[in-house]
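# Structural overview for review
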Amino acid sequence: MYTLSGSCPKWLEQRINAAGGIISFHNYMEIALNDPDHGAYAKGHLRIGREGDFVTSPSLGSDFAQLLSVQIIDWLHQLDQLNVQGLPLSFVDIGPGEGDLVIDLISAIDAASPELLSKLQFILVEVNEGMERKQRRKLKDVKKIPIYWRTLEELSLNPVYGILFAHEILDALPVERIVYFKEKLYRQGIKLIKDKDKSTIVSTTLPLTQCISNSINDIANELQLEIPLDELSDGWNSEWHIELFPWFKKVFNSLIQGPLLIIDYALEFRRYYNNKRNSGTIIGYKEQNVTSNILNDVGYMDITSHLCIETLYNFAIKSGWHLIGECRQGQALLSLGLAQRLHSLQHLPSNELKIALERREALLRLVDPTTLGDFRWIAFQKNNTFNDNLNLRNLFLEEPIV
Ligand SMILES: C[S@@+](CC[C@H](N)C(=O)[O-])C[C@H]1O[C@@H](n2cnc3c(N)ncnc32)[C@H](O)[C@@H]1O
């Protein structure tokens, strides 16, 4: 069976020893990204952007936030009109990374409608201190609008009225990995091996827990799908998104009413749990390089996995959300005016040629179907008794204007 291995730093050795010599993959991913003393996000080691470890759409420049703002402003105007109780309007960015989107979105809303901006508060939900530090630094000069940092637990106690936004955060939630061997499913574990002065970590198999087993059976029954699908070979492995259902419940409780927009890589169930995809979608990023060996560079590498569309819908709807719709990023951004924006670059003065070329390149990357253009925009909404049939207009799902 294919085994992953990597060198084990002292601090991780202590963590694994404290747990008895083996931890689950889920535990490993949690430690690698979010361990307060050594995690890649927790310490702020990971840098998002062209010069960093990986790019995200907001980190490529302000065009992404400006295009997104067309939808956000329209939703905010609609919510403002329905706001019979005079509640503060909120935009909540969950997992804000370097804070690029927040700063550019505030500018875009200010440029389009200062009056709307004056009614708005921004709330950032960030679990990692190292990333929060970067966000506070980036946003320290923004004075036009209140910005708060809150946990989902705090928001659940004091829910807000507005928009929840989750861009490339669900792919950072630690996953379990399931492994198929001799007609049975197992859970992937990470084992410490000590050899003289060298410590290594290697993947191993552990029994499935009752909790994972129940979650897989529930999805199989509710979606009428076999898990695993098709004939699998021994060693086939994939991810199971064990944190997603509790996450949807928490965000549901954080909102009084409004939409939740998720933007992330996602695959249909049949493409995800397929015998040809024999090691899931998990991948590591460091200094713009992609690797499948996610046991190396612990604490300095991003680890991420795609989402499964049907399981995501299932968890969301069971938590109370209503599906608005879904499309690929390429289509969403065209609907919000990307083609016109590309066209307008032709009219920039010749001394701005360099800027025009950079923006053109960024805009094309945002819609490139082999990379960022393949992201899914998935929107849900929460209704409430004071306005049970919230009927939002959703510009990103409309046909692009040409
Ligand atoms: C891949 S980055 C995405 C950053 C940003 N949204 C972007 O697209 O540029 C993931 C971000 O989510 C944060 N994060 C990870 N787990 C989280 C959680 N459970 N709740 C909130 N933020 C989380 C990370 O610290 C990091 O800031």
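From a predicted model like this one, the values you see are computed outputs, not experimental measurements. (Residues numbered from 1 in each chain as written. Predicted model: local features only at pLDDT ≥ 70, side-chain atom pairs only at ≥ 80, totals over all residues.)

Our focus in this paragraph is the packing of helix α9 (residues 244-253) against helix α11 (residues 309-318). Orientation of α9 relative to α11, taken along the N-to-C sense of each, is 40 degrees, at an axis distance of 8 Å. Compared by their axis directions, α9 and α11 come out oblique. Between α9 and α11 the crossing geometry is right-handed. Counting all contacts with α9, which are made through Leu-244, Phe-245 and Phe-248, the residues of α11 involved are Leu-312, Phe-315 and Ala-316. Residue composition of the contact of α9 with α11, by class: 6 nonpolar, no polar and no charged. (Axes fitted to C-alpha atoms, helices over the stretch in contact; angles between N-to-C directions. Helix = DSSP H or I, 4+ residues; strand = E, 2+ residues; numbered from the N terminus. Parallel < 35°, antiparallel > 145°, perpendicular 65-115°, else oblique. Left-handed = near helix turned anticlockwise from the far one by under 90°. Contact = placed C-beta atoms within 7 Å. Nonpolar A, V, L, I, M, F, W, Y, C, P; charged D, E, K, R; others polar.)

This part covers unusual backbone geometry. In the Ramachandran plot, Lys-182 falls in the positive-phi region, its phi being about 45 degrees despite a non-glycine side chain. Position of Lys-182 among the secondary structure elements: in the loop between β7 (176-181) and β8 (184-195). Classification of Lys-182 as exposed rests on a count of 6 C-beta atoms within 10 Å. Its identity as a non-glycine residue notwithstanding, Glu-183 has a phi of 65 degrees, on the positive side. (Buried ≥ 20, exposed ≤ 12 C-beta atoms within 10 Å, placed from the backbone.)

Once that is clear, we can look at the pairing of strand β6 (residues 160-167). For β6, the buried fraction is high: 7 of the 8 residues fall into the buried class. Bridging between strand β3 (residues 89-94) and β6 involves 6 bridges; their strand directions are parallel. In the sheet register, Ile-94 faces β6, and the bridge partner there is Ala-166. The pairing of β6 with strand β11 (residues 255-264) spans 6 bridges and is parallel. Across the sheet, the residue bridging to His-167 is Ile-263, located in β11. (Pairing = 2+ DSSP bridges.)

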